[in-house]
Amino acid sequence: MIKVDFNRPITVGNEFEYMRQAMQNVHISGDGAFTKKCHAFLESELGVNKALLTTSCTHALEMSAILLDIKPGDEVIIPDFTFVSTVNAFVLRGAKPVFVDVHPDTLNLDESKLESVITPRTKAIVPVHYAGVGCEMDVIMEIANRHKIAVVEDNAHGLFGKYKGKYLGTFGALATQSFHETKNFSCGEGGALLINDPFLAERAEIIREKGTNRSRFFRGQVDKYTWVDIGSSYLPSDLLAAFLFAQFEQREKIQSHRKNVWNMYNAALKGWAEKNGVQLPVVPEDREQAYHMFYMLLPNLDLRQKLIMYLRERDIYSVFHYLPLHLSDMGQSFGYQAGDCSVTERVSDQLIRLPFYNDLSSADQEQVIDAITEFNF
Ligand SMILES: *Cc1c(COP(=O)(O)O)cnc(C)c1O
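Counting restarts for each chain: residues are numbered from 1 in the order of the written sequence. Side-chain atom pairs in this predicted model are given and counted only at pLDDT of 80 or more, local residue features only at pLDDT of at least 70, and totals for whole chains, interfaces and linings cover all residues. Excluded from the side-chain calculations are hydrogens and water; all other atoms, namely the structure's heavy atoms, are used.

A. Up close: the overall build of the chain. Runs of H or I in DSSP of at least four residues are treated as helices and runs of E of at least two as strands, each being numbered from the N terminus. Counting its regular elements, the chain contains 13 helices and 12 strands. What you see for the chain is a C-alpha radius of gyration of 21 Å, in line with the 21 Å of a compact globule of 377 residues. Along the first, second and third principal axes, the C-alpha atoms of the chain reach 70 × 50 × 35 Å. In this analysis, two residues are considered to be in contact whenever any of their non-hydrogen atoms come within 4.5 Å of each other. Contacts spanning at least 24 positions in sequence make up 70% of the contacts within the chain whose residues lie at least 6 apart. In these tables, accessible area is a Shrake-Rupley quantity obtained with a 1.4 Å probe, and a residue counts as shielded only by the protein chains included in the view. Element-wise, carbon and sulfur atoms account for 52% of the exposed surface of the chain, whose accessible area totals about 15,800 Å². The reference for a compact globule is 2.2 Å times residues^0.38; the radius of gyration itself is calculated from the C-alpha atoms.

Structure follows, in C-alpha cells:
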C-alpha cells in the first residue's frame, strides 16, 4: 500500500518559469507585474470592483476590520464553526464576537438566528461559505441591508463557487480569499481582499501599503507619498504572485480535477454512508460548490476517532477540524458556555475530512474508498 497524504502542494503549470520572470523583471517585492496579473484575473473572472492580493486570508480579514472601523465594544456576528482567523481579525480591533450556530446540513451560518442577535452595536456579519458551498446569501444580505450592517464574506473555501448563479465573494461589501497550501489555489501563504463597495477601495490600498498613499503616487495621482492612515504591510512578494498566477491560469484543470475527486467520493461512499448512519455533504440545488473538500459526519466522536486511527494504520491521513469557537479559551472568556451552539458542538465531534488535493490519483483515492467501506462499525 502507498501512503496517501491528507494534502499535498503541487505545481500545475508555469510556476517556476513565472518566478524566474519576476526575477528578470527586477521586481520581487509587492505589486509587481504578476501581482497586477492576479488582480486583473480576479476582477475579470469574478466581476468584482477591485481585488488586492494580501499576505494571507487572515490579513485580508484584518484589513476588513480596519476598513469597517471596528472599535472596542462593537459586535461582530460570526459562525461558531469556522477557523480562528475569521473571528480573531475582529477581536484584534476590540470587537466582541457574537457566535451563531450553523445549519446541520451545510454547516453554514444559520441565517434564521441572525435577527435575534443583532443589536445597535452590531457592525458586521461574517458568513463563511463552508466547504465552498454558499451560505443563504439572499436572506443574509436582506437582513444586513435592512439593519445597515456590513457583510464580509470569508470565502477561503469558496473561490469560483456560486449562489444562485452569482460568484461567492461578490455579495458582501468585502470578501476574503486564502491561497494557503491547503486551499484550491495556492502560493504557500497568501490571500486576497475583494472589494465590492467602491467607497472602500482607496482606503484599502492605503491600509495595505503601511498607511501610506503610495499606490496613488505610483499612478501619478499625487506627487509624493506620505503617511495618511493606520495600516501595515499586507502585500505579498511578486515571487508568490508569480507562483499563484500560474495556478490561476490552470483554473479549469484544477477545478475539474477537484470536481472529479469530489464526485468519486460521493458516489462511492453513498451506499455505505446510508447503511451506517454517516452524513455526506449537502449541496442545495441553487448552489454550485467550489469543490474545496470532502467531509463526512460519523455517528459520534468515538467512531470518528476510530476511523481516523484505522485509516492512519493503513497509511491514509485524514483530519478533523474546527473546534467550537465558543468553547475555546478565548470564546469562554467572552462568557460563552457549553450548550450555546449545540449543532457546532455535535458536528465538530463527528466530522472527518478525507485526503483531497490537486493531483490525488484515482488509484490513491480508490485505496481510501476501499479502506473506508471495509471499516467495521
Ligand atoms: C484557511 C482559512 C482561513 C485563513 O487563511 P490564511 O490564508 O491561512 O490566513 C480563514 N478562514 C477560513 C474559513 C479558512 O479555511
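Still to come is the rest of the account.
B. Broad picture of the packing of aromatic side chains. Between 30 and 60 degrees the pair is tilted, below 30 it is stacked and above 60 it is edge-to-face, where a pair is any two Phe, Tyr or Trp rings, Trp via its six-membered ring, whose centres lie within 6.5 Å. Tallied over the entire structure, the rule returns 23 aromatic pairs. Note on Tyr130 and Tyr322: the rings are 6.0 Å apart at their centroids and 65 degrees apart in plane angle, and the pair reads as edge-to-face. Within this pair, whereas Tyr130 is found in the loop between strand 4 (122-125) and helix 5 (137-147), its partner Tyr322 is found in the loop between helix 10 (301-313) and helix 11 (329-333), the two being separated by 192 residues in sequence. Grouping residues by exposure puts Tyr130 and Tyr322 together as buried. With a centroid separation of 5.7 Å and an interplanar angle of 80 degrees, the aromatic rings of Tyr163 and Phe171 are classed as edge-to-face. The buried label goes to any residue with under 20% of its type's maximum accessible area, the exposed label to any with over 50%, and the partly exposed label to all in between, with areas taken from a 1.4 Å probe on protein chains only. For Tyr163, a relative accessible area of 1% corresponds to the buried category. Members of the aromatic cluster, connected to one another through ring pairs, are Phe41, Phe160, Tyr167, Phe179, Phe185 and Phe248. By the criterion adopted, a ring carries a charge over it if an Arg CZ or a Lys NZ lies within 6 Å of its centre and within 35 degrees of its normal. Positioned above the aromatic ring of Tyr167 is the side chain of Lys162, whose terminal nitrogen or guanidinium carbon lies 4.8 Å from the ring centre. Its end group placed over the ring of Phe160, Arg251 keeps NZ or CZ at 3.8 Å from the ring centre.

C. Broad picture of the sheet that holds strand 10 (residues 287-288). Pairing between strands is defined by DSSP: at least two bridges between them are needed. In space, the 3 strands of this open sheet follow the order 7-6-10, with antiparallel pairing throughout. Each end of this open sheet is capped by a strand with a single partner; those strands are strand 7 (166-167) and strand 10. With 2 bridges joining them, strand 6 (residues 162-163) and strand 7 adopt antiparallel strand pairing. Across the sheet, the residue bridging to Lys162 is Tyr167, located in strand 7.

D. Broad picture of the pattern of salt bridges. Within this document, salt bridges are pairs made up of a side-chain nitrogen of Lys or Arg and a carboxyl oxygen of Asp or Glu, the two lying within 4 Å of each other. One pass over the full model with this rule turns up 22 salt bridges. Residues Lys123 and Asp74 are paired through a salt bridge, measuring 3.3 Å at the closest nitrogen-oxygen approach. Taken together, the residues Lys123 in strand 4 and Asp74 in the loop between helix 3 (57-67) and strand 2 (75-79) connect sequence positions 49 residues apart. The class for Lys123 is partly exposed, based on a relative accessible area of 30%.

E. Quick peek at the site of the ligand. Definition of nearness: a residue and a molecule or strand are near each other if at least one heavy atom of the residue lies within 4 Å of the molecule or strand. Residues in contact with the ligand amount to 15 residues; listed here are only the nearest, Thr58, Asp154, His157, Ser178 and Lys183. Between N or O atoms, a polar contact is any pair within 3.5 Å; within protein, one atom must be a potential hydrogen donor and the other a potential acceptor, and residues adjacent in sequence are included only when both atoms are from side chains. The separation between an oxygen atom of the ligand and a polar side-chain atom of Thr58 is 2.5 Å. A distance of 3.3 Å separates an oxygen atom of the ligand from a polar atom in the side chain of Tyr322. In isolation the ligand exposes 390 Å². Once the protein is present, 93% of that is buried.

F. The arrangement of the environment of Gln305 in detail. Mapped onto the elements, Gln305 comes out in helix 10. Using a relative accessible area of 34% as the deciding quantity, one classes Gln305 as partly exposed. Sequence spacing of Gln305 and Ala60 is 245 residues, and the spatial spacing of their C-alpha atoms is 34 Å.

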